[in-house]
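Residue-level structure breakdown
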Amino acid sequence: MNNQFDDNDYWKGVILYGLNQATYKIALGKSLIELTSLNKEVIDWSELSKSFFDNYIDRFKNEHLPQQSNSSRITRVEKIYLQYKTGTLDYNKAVELIGLEAFGDVIPRFQTIGTDKTIIGEKFYHFDFGNKLYIHDSLFKIVETDKLNLLSEIDARWSLLEGAFKINQGDWTLSNDIREMYITSGYDRKPLSNNIPFLKGYQGNVCFYCSEHIDDSDIHVDHVLPRQVVRHDEIWNLVLSHSLCNLHKDDFLVGKHYLEKLILRNENIMGSNHPWKKKISETLGATKNERLNTTLKHYDDVKVVLNNRYWENSPSYNRETDPFYKRLITVINNR
Ligand SMILES: [Zn+2]
């Protein structure tokens, strides 16, 4: 039955059909065609990474459209690209990261039609991950006879996917501008566990999200506004939670009641003489009103980026019975 298809059909099967969650396969296909047409049998990982990254840079020259279907995330390649574009990463380092981080799924899975890997096996290439990729004759043949067609099919498929992804993404352009802004001002993850004692002082041993007791062994420092967007570890955005609650919340936007809770927590810190007071005042503002506005601005930014994907936690959550508020009132009253 397989005999009725030729190599060109199989290639199209890979590129044109199937459900793509992201554009990786398309970009890799393009690199494979370009590198094959240079008549090289063995491709260095760095060369492949460079070609793959260049394809995205070229793609984003006119417009950076979403490259995957989940509206709350961007692909690893886009993160690297945005860091490169905003000057956080230089080109060579960006290419190196592509080779390390972007190929884990796409290179092993490229030669799959639907979900079936057995149909084409290693028809077009095999690889030694992180090192080299070896082009096979079938790919040389189709590139030799049909290169221009293959490239134009790839571009068409790429546009089609971007168009489909954009439909779910709200204001993509604005959200991308906001991401860039946070990348420019952001920094690499710091260890957070040293904040636990301080945060406990304002929160007690209860989870910020579900208000149940947390054992020390399960305590997790969580970014209320997801770190993948804000890219900082400022204390005003950190709370303690169960690791499971943290996992459920994932990179979603918290409902506004949690933001209100966070604002109150921060005002509570501002009412104390802790050294963090200065830090919060520097990052959010010197007056209560400034801090409120800065926090709301961040919340609105993140809302755009995450396209209103909320996490409200359990519908049974009740502010009235949340011990956090009792504690807060006690602290305020004792001041
Ligand atoms: Zn919890």
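Here the structure is a predicted model, which is why all the values come from computation and not from measurement.

Looking at the environment of Lys40
Mapping Lys40 onto the fold places it in the loop between α2 (24-36) and β1 (42-44). Once residues within four sequence positions are removed from consideration, Lys40 is found in contact with Leu35, Glu47, Ile135 and Phe140. A polar side-chain atom of Lys40 sits 2.5 Å from a polar atom in the side chain of Glu47.

Quick notes on empty space enclosed by the protein
Where empty space is left can be seen by rolling a probe of water-molecule size over the atoms. This model, assessed by the stated rule, comprises one cavity of 30 Å³ or more. What the largest cavity holds in volume is close to 30 Å³. Ile74, Lys79, Arg179, Ile183, Gln228, Val229 and Arg231 together form the lining of the largest cavity. Looking at the lining of the largest cavity residue by residue, the classes come out as three nonpolar, one polar and three charged.

Here's the deal with the packing of helix α12 (residues 256-270) against helix α13 (residues 276-284)
The description of two helices packed together rests on the angle between their axes and the distance between the axes. Where α12 meets α13, the closest approach of the two axes is 8 Å, and the angle between their N-to-C directions is 125°. When the axes of α12 and α13 are compared, the pair comes out oblique. Here the hand of the crossing between α12 and α13 comes out left-handed. Listed contacts from α13 to Asn266, Ile269 and Met270 of α12 are Trp276, Lys277, Ile280, Ser281 and Leu284.

Focus on the nonpolar core
Core analysis: the largest hydrophobic core is formed by 52 residues, its most contacted members being Trp11, Leu28, Leu32, Phe52, Phe103 and Ile107. In terms of residues, this core owes the most to one element, helix α7 (residues 137-167), which gives ten residues. Among residues more than four places away in sequence, those in contact with Phe52 are Tyr24, Ala27, Leu28, Ser31, Val77, Ile98, Ala102 and Phe103. By size, the runner-up hydrophobic cluster in this structure holds 38 residues, among which are Phe198, Val224, Leu253 and Met270.

Calculation rules
- Residues numbered from 1 in each chain as written.
- Predicted model: local features only at pLDDT ≥ 70, side-chain atom pairs only at ≥ 80, totals over all residues.
- Heavy atoms only, no water.
- Helix = DSSP H or I, 4+ residues; strand = E, 2+ residues; numbered from the N terminus.
- Contact = heavy atoms within 4.5 Å.
- Polar contact = N/O pair within 3.5 Å; in protein donor to acceptor, adjacent residues only side chain to side chain.
- 1 Å grid on protein atoms, 1.4 Å probe; cavity = no way out; pocket = protein on both sides within 12 Å on 5 of 7 lines; lining within 4 Å.
- Points joined across faces, edges and corners; volume = space filled by probe spheres on them.
- Nonpolar A, V, L, I, M, F, W, Y, C, P; charged D, E, K, R; others polar.
- Axes fitted to C-alpha atoms, helices over the stretch in contact; angles between N-to-C directions.
- Parallel < 35°, antiparallel > 145°, perpendicular 65-115°, else oblique.
- Left-handed = near helix turned anticlockwise from the far one by under 90°.
- Core = buried A, V, L, I, M, F, W, Y, C linked by side-chain atoms within 4.5 Å.
- Buried < 20%, exposed > 50% of the residue type's maximum accessible area, 1.4 Å probe, protein only.

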